[in-house]
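# Inside the fold
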Amino acid sequence: MQNVLLITSTRIGDAIINSGVLRYLVETRPEARFTIACGPLAAPLFAAVPRLDRVIVMAKKKAGAHWFDLWRATIGQQWDLVVDLRCSATAWALRAKERRILRQTSAPIHKVAEAATALGIDTVPDPKIYLSDAARAKAAELLPDGTPVLAICPSASMPYKVWPGERFGELVKRLTAPDGAMAGARVAIFGGPGDEAAAAPIHAALPDASPLDAGLLDFTGQLGLMDVAACLQRTRLFIGNDSGLMHMAAAMQTPTLGLFGPSDERRYGPYGAHCAIVRGAAGFAEIDAAFADRRLHPESLLLDLDVDAALDAAAALLQRS
């Protein structure tokens, strides 16, 4: 038996991006047992990892005290392998036969590929979320086989990453119209607690749909992360801003269209041949130069992305997937 410690991210999206490394370890080390250290938001993603011993939740503390907590929780174990994707010094302070510590780069390579460099492997393993049987069963109940489902996530972690809600509503209306690329599809809205307002324009665009006829299902703030992942796996197409749920949809092998503006799609786009991105006329470099302090920007930086462009990108992705 081998004991493997993986130190991964705090944010949901980053943890999913890094999950290809875990997938590779699970598949290439069949005798290994895994301990995973991550932030509290990402912790539910790992509940069904094969041969999991435990998930250590690293709640951020002042002066980096959470790193001491991790050291204290892991120093008593002799590790066969420690993989640190947080680029910390903790891995060097543990008893380990082998250490793999990520060295981040400023080169414009995708973060999935960057994470794989920690292992020194030639191939880049796709991200993967391991689902529990309970999550699969719940998703099958919520989204039974039959009518295709269009998944939408109109929210993001920061307002400058959010495409205007009215445009989401218009896009959904046109995609599911009788002459649309997903004519008659059900619409499922996903988001976390507090994202309910972002879903309102989609409700307004589909006034004839209601939960009673299952034409519009709003799961915003109602499901755990693993249940969301299982639901996304059952959808025909996902459209959303640069967010953790966008990376989740891609990891579940759902055709995923990411709406981009102030993020660099070369590094943070949805990963995989089943994915695509669309942006307006302004490239990332242009937006980056104009809004270097965009984290303080209170409004959307995707205003140059119109509905027609998003509609065409969605139709193209549906056709090739």
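Just above sits the structure.
Described in the following lines is the structure provided in the data block. (Residues numbered from 1 in each chain as written. Predicted model: local features only at pLDDT ≥ 70, side-chain atom pairs only at ≥ 80, totals over all residues. Heavy atoms only, no water.)

## Quick look at the packing of helix α6 (residues 165-176) against helix α7 (residues 196-205)
Angle between the axes and distance between the axes: these two values describe a pair of packed helices. Their axes nearest at 8 Å, the elements α6 and α7 cross at an angle of 40 degrees. Classed by the angle they form, the pair α6 and α7 counts as oblique. Handedness of the crossing formed by α6 with α7: right-handed. Facing G165, E166, F168, G169, E170, V172 and K173 of α6, the residues of α7 in contact are P201, I202 and A205. Each residue belonging to the contact of α6 with α7 can be placed in one class, and the counts come to five nonpolar, two polar and three charged. (Axes fitted to C-alpha atoms, helices over the stretch in contact; angles between N-to-C directions. Helix = DSSP H or I, 4+ residues; strand = E, 2+ residues; numbered from the N terminus. Parallel < 35°, antiparallel > 145°, perpendicular 65-115°, else oblique. Left-handed = near helix turned anticlockwise from the far one by under 90°. Contact = heavy atoms within 4.5 Å. Nonpolar A, V, L, I, M, F, W, Y, C, P; charged D, E, K, R; others polar.)

## Brief notes about the sheet that holds strand β7 (residues 186-189)
An order of β8-β7-β6-β9-β10-β11 is seen for the six strands of this open sheet, with the pairing classed as parallel. At either end of the open sheet lies a strand with only one pairing partner, and these are β8 (216-218) and β11 (275-279). Strand after strand, the sheet turns through a mean of 20 degrees between neighbouring axes, direction not considered. Bridging between strand β6 (residues 149-153) and strand β9 (residues 237-241) involves four bridges; their strand directions are parallel. Bridge pairing links I152 to I239 in β9. (Pairing = 2+ DSSP bridges.)

## So, the packing of aromatic side chains
The full count for this structure, using the stated rule, is three aromatic pairs. Seen from their ring centres, F68 and W71 are 5.6 Å apart, and the 25 degrees between their planes marks the pair as stacked. With F68 and W71 both in helix α3 (residues 65-74) and three residues apart, the pair spans about one turn of that helix. Judged by its relative accessible area of 45%, F68 falls in the partly exposed class. Look at W71 and you get partly exposed, because its relative accessible area is 30%. (Phe/Tyr/Trp six-rings, centres within 6.5 Å; stacked < 30°, edge-to-face > 60°. Buried < 20%, exposed > 50% of the residue type's maximum accessible area, 1.4 Å probe, protein only.)

## Regarding the nonpolar core
Ranked by internal contacts, the top residues of the largest apolar core, which has 55 residues, are L45, F46, I129, F190 and M248. Of the residues forming this core, the biggest block, seven residues, is contributed by helix α8 (residues 225-233). Contacts of I129, omitting those with residues within four sequence positions, involve I16, L45, A229, M248, A251 and M252. Among the nonpolar cores identified, the runner-up in size contains 30 residues, and L175, L237, A276 and L311 belong to it. (Core = buried A, V, L, I, M, F, W, Y, C linked by side-chain atoms within 4.5 Å.)

## So, helix α12 (residues 307-320)
Note on helix geometry: an α-helix contains 3.6 residues per turn, so any two residues three or four positions apart are oriented the same way. Between the first and last C-alpha of α12 there are 20 Å, a value that for 14 residues agrees with the 20 Å anticipated at 1.5 Å per step. Along α12, the positions that sit buried rather than exposed are V307, A310, L311, A313, A314, L317 and L318. The buried residues of α12 occupy an angular sector of 165 degrees when projected down its axis, which confines them to one face. The exposed set on the far side of α12, more than 90 degrees from its buried face, consists of D312, Q319 and R320. Against α6, β9, β10 (256-260) and β11 lie the buried residues of α12. (Expected span 1.5 Å × (residues − 1). Arc of directions from axis to C-beta.)

## Examining the side chain of S263
Mapped onto the elements of the fold, S263 is located in the loop between β10 and α10 (265-268). In this structure S263 comes out as buried when scored by relative accessible area, which is 7%. Each residue touching S263, except ones within four places of it in the same chain, is listed here: K161, D242, R279 and F284.

## Considerations on the layout of surface pockets
A volume near 1300 Å³ is recorded for the largest pocket. Every residue lining the largest pocket is counted, 45 residues in all, and those nearest its centre are R11, G13, D14, S157 and K161. For the lining of the largest pocket, the elements supplying multiple residues, two or more each, are α1 (12-17), α4 (111-116), α8 and α9 (244-251). Counting residues per element, the lining of the largest pocket draws most heavily on α1, which supplies four residues. (1 Å grid on protein atoms, 1.4 Å probe; cavity = no way out; pocket = protein on both sides within 12 Å on 5 of 7 lines; lining within 4 Å. Points joined across faces, edges and corners; volume = space filled by probe spheres on them.)

## Topic: a negative patch on the surface
Together, E286, D304, D306 and D312 line one region of the surface with negative charge. Look at D312 and you get exposed, because its relative accessible area is 55%. (Patch = residues over 30% accessible without salt bridge, like charges linked within 9 Å, V, L, I, M, F, W, Y side chains within 5 Å. Areas by Shrake-Rupley, 256 points an atom, 1.4 Å probe, with all protein chains shown as cover. Salt bridge = Lys/Arg side-chain N within 4 Å of Asp/Glu carboxyl O. Lys, Arg positive; Asp, Glu negative; His and termini not counted. Charge placed at Lys NZ, Arg CZ, Asp CG, Glu CD.)

## A closer look at the sheet that holds strand β3 (residues 52-57)
Spatially, β3-β2-β1-β4-β5 is the arrangement adopted by the five strands of the open sheet, whose pairing is parallel. Of all strands in the sheet, those bounded by a partner on one side alone are β3 and β5 (99-101). Here the average twist between neighbouring strands, direction ignored, is 10 degrees. Note: strand β4 (residues 81-84) against β5, three bridges, orientation parallel. Paired with V83 across the bridge in β5 is R100. Sitting on the sheet, helix α2 (residues 19-28) touches β1 (2-7), β2 (32-38) and β4, and the angle it makes with β2 is about 165 degrees. Each of β1, β2 and β3 touches α3; the most contacted strand, β3, lies at about 155 degrees to it.

## As for the pairing of β6
Across the five residues that make up β6, a large majority, five, are buried. In β6, alternate side chains face the same way, and those of V149, A151 and C153 on one face and L150 and I152 on the other are all buried. Sheet topology note: the β6/β7 ladder contains four bridges and is parallel. Paired with V149 across the strands is R186, a residue of β7.

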